[in-house]
Each structure stands twice: as structure tokens, then as C-alpha cells.
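Architecture and fold: a report
The primary structure of each chain is shown beneath.
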Amino acid sequence: MGGQDRQGQHEMAGRVDAAFRRREHLLVQAGTGTGKSLAYLIPLIVHALESEKPAIVATATLALQSQIVKRDLPRLLEAIADELPRPVDAALLKGRNNYLCLHKIDGGFPADDAPEALFDLAEETVPHPAPAPGPTTALGQEIKRLRAWAEETETGDRDEIVPGVSDRAWRQVSVSAMECLGAQRCPVAAECFSERARTHAAEADVVITNHAMLAINAFEGLAVLPDYDFVVIDEAHELQDRVTGAVSGQLSAVMITAAASSARKHTAISVDALNTAAKSFEAAFDSVPSGLMAAGLRPEQELALTQLREAARTALSDSKPDGSGAVDGGRQMARSRLAAILELCDRVVSTAHSREVLWITRPSSFTPGSGYGPPDETLPPMLNVAPLSVASRLREGLFEGHTVVLTSATLAIGNAFDAVAGSLGLLGEGAPEYSSADVGSPFNYPKQGVLYVASHLPKPGRGTSSEQLDELEALLRASNGGALGLFSSRRAAEEAAAAMRERLPFTILCQGESSMAALVRQFSSEPNTCLFGTMTLWQGVDVPGEACRLVVIDRIPFPRPDDPLMTARTRAVSQAGGNGFMTISATHAAVRLAQGAGRLIRAAGDRGMVAVLDSRLANARYGGFLRGALPPFWSTKDRATALQILQRLAG
């Protein structure tokens, strides 16, 4: 394949193969540059060919999913074709709403509850001064393009539309799993893109999917994936958060009234009880401040939810199809909304017994020039629910009955895998056995990279301090640009970009000013340009070469102090006698910090510096714990030394 020999890749492939043969779970950390995709794909293919069931690869990001499907797997299969007993069939499988719905685009479902309808948009004209040849709004033009694409696509996969379309436009041509009529009732089920993808996956040797699909399959008992024996979970440091996100729920008065309106429109039932319940819901939660509801539900809130649950149950019963067998997409959409509300009510009312977390959110206030601020407490509340821990459910739904390999460049902190193992259900009484391995990295971190911690700076407060901005300016001047700035918030990134544009002569790009792909492309092609941004850049940027010779991290990426779920998990650990801060907040920060620092060295010839503008990494008691998660760079706290190194790199 034209690659290089990597000892860590050999070791990982052997460990994965052994885990499959012994039916033993494996956690394997493989540093950047190991080539871990090939290291797990080869043994996975071997065992998939021997099994009667497909093998699964689950990734966290669409970028890696696309890389495996379009680059890694095809090149690998071509290279090893002569060694295989038969061709290997690989399939890509996503959630239903990622595929075009032919029945909806043919008018079988009503358009999304946007002001304009699908067909009105596709045919709209401007009457004065003369009819226009087609849609004139951006949304109308997107939908016209989608309808043309529907005539030629073979997969119906949203990611194949170039350029992409907005979420609002895509909702006009797709349905959720709950809205789908099902293979038995849909008149175009035989041509359905989602059903065809599922059928292909069931017959394939290897299926590439995502963490959310794995979560739904494990948590909700829905057979969204084919039956499988072996699964590799890539980007496994993200699994807990992705699973939590997939099984979290939200409920608001706006959602309830929208469901009532849809039911009235498409089923003609009485929705008075639902509208009354929506008002009671808002009244019960309106005075609750945004944040964690640590004490659970008050009696009046539980009463409002019980009233809402009964209204939704009655509406579902009243809106049943009449038995004629007629296909009614509008009725199905309305009933899916009612079912979602009923399910959420049941779940929220039972939180005291199910170890789930409740919290209130509201939209943030926006001030021109200052961006988004704290939540606007005058706006209607949104009730949120999420599991306190996903460990026991993953233990039952994922690890029981399957052989699971979890891999990432950042799974261990120091040499310990306990933190991630515990969060996923692999520690504690009754936990399944697992083995672990760190196969290292092919890079010589002490010679290729430097870690500079600005230990002289004051402890970070709210916002970006003048001392941090001065330090950032000095670093960028010494390196003559070529810096990736990783910031803890969008506001911090924008403030730093504005300040540096006033002080420095080279280009400063900032996340949000263009598409991420365009920003990264410009950054990688211009040696002195800098790119500032937030969490998307912390984990999703691969820019080898001198274009990225300095990575600046403004502060340790602890969870936000007002993050309700993290707060609840920290309290739970402390109440059980553990150290909540170290177990939850510090572990979260260590993994994110390692991901951010990992943006620097992406190839064997790369040289550069990671500069952290948070003195706590050097001075706080937990600093050593956090540094233990970082690559073993040569390190310094001396400012003059750091600037001299950057000047040499720039030269």
C-alpha cells in the first residue's frame, strides 16, 4: 500500500486478533501515526470471513467513518485481495433520518412544519415584474436541488450531496425512525434507501456505523444493527459522551403545543387536553432557574407531567388508524410526536428510581459585539433528562454476548485505563474481564515537540486576560504565525482573534467565519496563517507539516462549572466516597488536553511546540495528573527558552 513499517501497528493487529480468538474485550491505545485503522481492520476481516454474522466498526465522527469507507477499507481490500478466500462485502449504515425518504419526496408525508410547503417551495415564482424561472429563496433552491438529486442518487445518503444542504431543507425530504411508516405499510418500501442499507448491512461481512447507532441498539432494544459477534469501537474516548447524547431527551411547552397542532391537523382529534397540559407544564417549570434540578421533581411538577402523560396517552389512542389500511404519513408523523412525549413523561416521572439526571435550559441572551451570554431566564424552560451513568447499560447491551475492542489515541491517563474502563462498565462487581495495551506511537515526541507551560501567568478567570493576550502575541511573533489556537469558548476565540488582528501582520482565521473545511484548507496552505477555534478544532484537525508548528491552548479544558450532567456525576462519585473532581472533571480535562496537544505532531517530519497559557498545569496539585495524559514532549516553563525555540522553528 506504499506505507511505512510501524511496530505499534503490528503489535495492535496481533492483540486485536488474540482478543477475537479468546472472545476477550480489549482496550488498546494507539498513538497518532500508528495506523490503527488497518491494525484493527485486518483481524476484523479475518474473523468476519469465518463468522456467519457481520462484524461492526463504530466511529464517533463522520470524518473517520468516511475515511474508512472511502479510503482505508477499499485500499486495504485491493491490497490483500489475493490473500482472501473470497471478496469481502462492506456496508455503511446510518440512522434513518440520514437517508432520503422517497415516500416523503413523492408527497406521502406533509412537509415539515415550516411556513412554506415542499411543493410550494419547489414551484414558487415571483409575480412582479415577471415570473422567475424557479425558486427564489435559499431554502427553495436547496429543495429543488434535493429533488433533482433524488432522481440520480443510488444511496440516498445525505453526506453524498455536494455542496451540502441545511438541516431545514433536509427535514423536508427525510423522516425519523418514529415517523417512518415501516416496511409493511410504506408503498415504496422496496425502493427505500434506508431499508436497502439495512438489508445490505445484514448480508455484509463488515458494517461501518457510528456510536449513536450502537447506543440505540444497546440501550433501547431496537434492532437498528444486524446481529453481530465482533465490534471495534474507534475514537472510543468519545463513546460515553456520544452514547449519553444519543439517549438524552428534551421536553418543552413548545414541543407539546407543536404535537397538539400536528395531531389536530392530521388526525382531527380533540387536543384541548394537550394544550391545557402544555400550559400546566410551563407554569410548573417556569420559575425553576436554569441548571441542575438536584432535588428532583416538586409535587406540582410531577402532577403536571402526570397530566401531560395522560393527555398524550389519550391522544395516541384516539388517533389510531381507522383500520381501512390506508397509508397516512401525516397521521404517522403526528402520532410519532405524541409517542415521544409519552415516553419522555414516563422517563422523567421515574427518574428518582432510574438514576437519571434532570436539568433546565433556556436559550442564551445575545448582545451584538459580545456574543452569547448566560441563559435568558425570561424565556420558556426546556426540561432535559439523561442517564447519570451509561456503564451498567453498556455492560448489558454491548459487552454481554459480543467481543468488543475499544481503541483511541487517548484512552489511558499515564499508564492507567481505569478511568475509561469504569465509565463504560468494565470495572466493578460483575464487570466482564478485559485486557489492555498501549502500543505507543511511531513519533519521537521528545525530539519532535516541546511543551511550554506559561507558569508565570495568573490563574485564569472569566474571559481572556490581558496577560494571556500579551503572551499569545509574543508566541505568535516568535513563530511568525503558523499557529492553531484552541480555546475554551467561542467568545474567547473571537476575542483573541480580534486582538491579534490589531497587533500582528499575518492572517488570523477564526471558526465560524467560513466552513470548517475551507478554514482548515487555507490554514494548511499558508505557512504564516493562524487558525483559532473551539472543540471542533481540538479533535478534528489533521494538518501535518510546517503550517502547524505551534498549538496554543488557552486553558485546561475542564467541563463548564454549570454543566448539569457533569455536576451530577461529580456529586455521585463524592457521595460514594470517591474524589468527584479527579474522577470526572480532571479525567475529562486530561483526555481533551491530550486530544488538543495531539494536533501538533501528525507526521514523522513534524516539529513544533504546544504552549499552554494556563499556569495551573504547572502549579496546581492535579497538574502532574493532567501532564501524564500528554505525549512525552520535551518540556519547559522558561519563557525566553520557548520564544527562542519558536524563532528557530520559524527560521
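Because the structure is a prediction, the values reported are computed rather than measured. (Residues numbered from 1 in each chain as written. Predicted model: local features only at pLDDT ≥ 70, side-chain atom pairs only at ≥ 80, totals over all residues. Heavy atoms only, no water.)

1. With respect to the nonpolar core
If you look at the biggest cluster of nonpolar residues, it comprises 60 residues, and the most contacted ones within it are Leu100, Ile233, Leu394, Leu398 and Leu406. Residue contacts for Ile233: discarding those within four places in its chain leaves Ala58, His211, Leu214, Leu239, Leu398, Val404, Val405, Leu406 and Thr407. Counting residues in hydrophobic clusters, the runner-up holds 36 residues, among them Ile413, Val543, Leu593 and Tyr622. (Core = buried A, V, L, I, M, F, W, Y, C linked by side-chain atoms within 4.5 Å. Buried < 20%, exposed > 50% of the residue type's maximum accessible area, 1.4 Å probe, protein only. Contact = heavy atoms within 4.5 Å.)

2. A closer look at the sheet that holds strand β7 (residues 291-292)
Within a sheet, adjacent strands bond to each other through the backbone by hydrogen bonds, running parallel or antiparallel. The sheet built from 4 strands is open, its strands ordered β6-β11-β8-β7 with antiparallel pairing. Pairing within the sheet leaves two strands with one partner each, and these edge strands are β6 (249-252) and β7. In the sheet, β7 pairs with strand β8 (residues 356-361) via 2 bridges, with the strands oriented antiparallel. Residue pairing in the sheet places Leu292 in a bridge with Trp359 of β8. (Pairing = 2+ DSSP bridges. Helix = DSSP H or I, 4+ residues; strand = E, 2+ residues; numbered from the N terminus.)

3. Focus on the pairing of strand β15 (residues 483-486)
Neither face of β15 is exposed, since Ala483 and Gly485 on one face and Leu484 and Leu486 on the opposite face are all buried. Bridge count for β15 against strand β18 (residues 550-553) is 4 bridges, and the pairing is parallel. Counted as the bridge partner of Gly485 is Val552 from β18. The pairing of β15 with strand β17 (residues 530-533) spans 3 bridges and is parallel. For Gly485, the partnering residue across the bridge sits in β17 and is Phe532.

4. What about the packing of helix α2 (residues 36-50) against helix α3 (residues 62-79)?
In the contact formed by α2 and α3, the axes pass within 11 Å of each other and the chain directions differ by 65 degrees. In this structure, the crossing between α2 and α3 has a hand that is right-handed. In this structure, α2 contributes Ser37, Leu38, Tyr40, Leu41, Ile42 and Ile45 to the contact, and α3 contributes Leu64, Gln67, Ile68, Asp72, Leu73, Leu76 and Leu77. Considering only residue class, the contact of α2 with α3 consists of 10 nonpolar, 2 polar and 1 charged. (Axes fitted to C-alpha atoms, helices over the stretch in contact; angles between N-to-C directions. Left-handed = near helix turned anticlockwise from the far one by under 90°. Nonpolar A, V, L, I, M, F, W, Y, C, P; charged D, E, K, R; others polar.)

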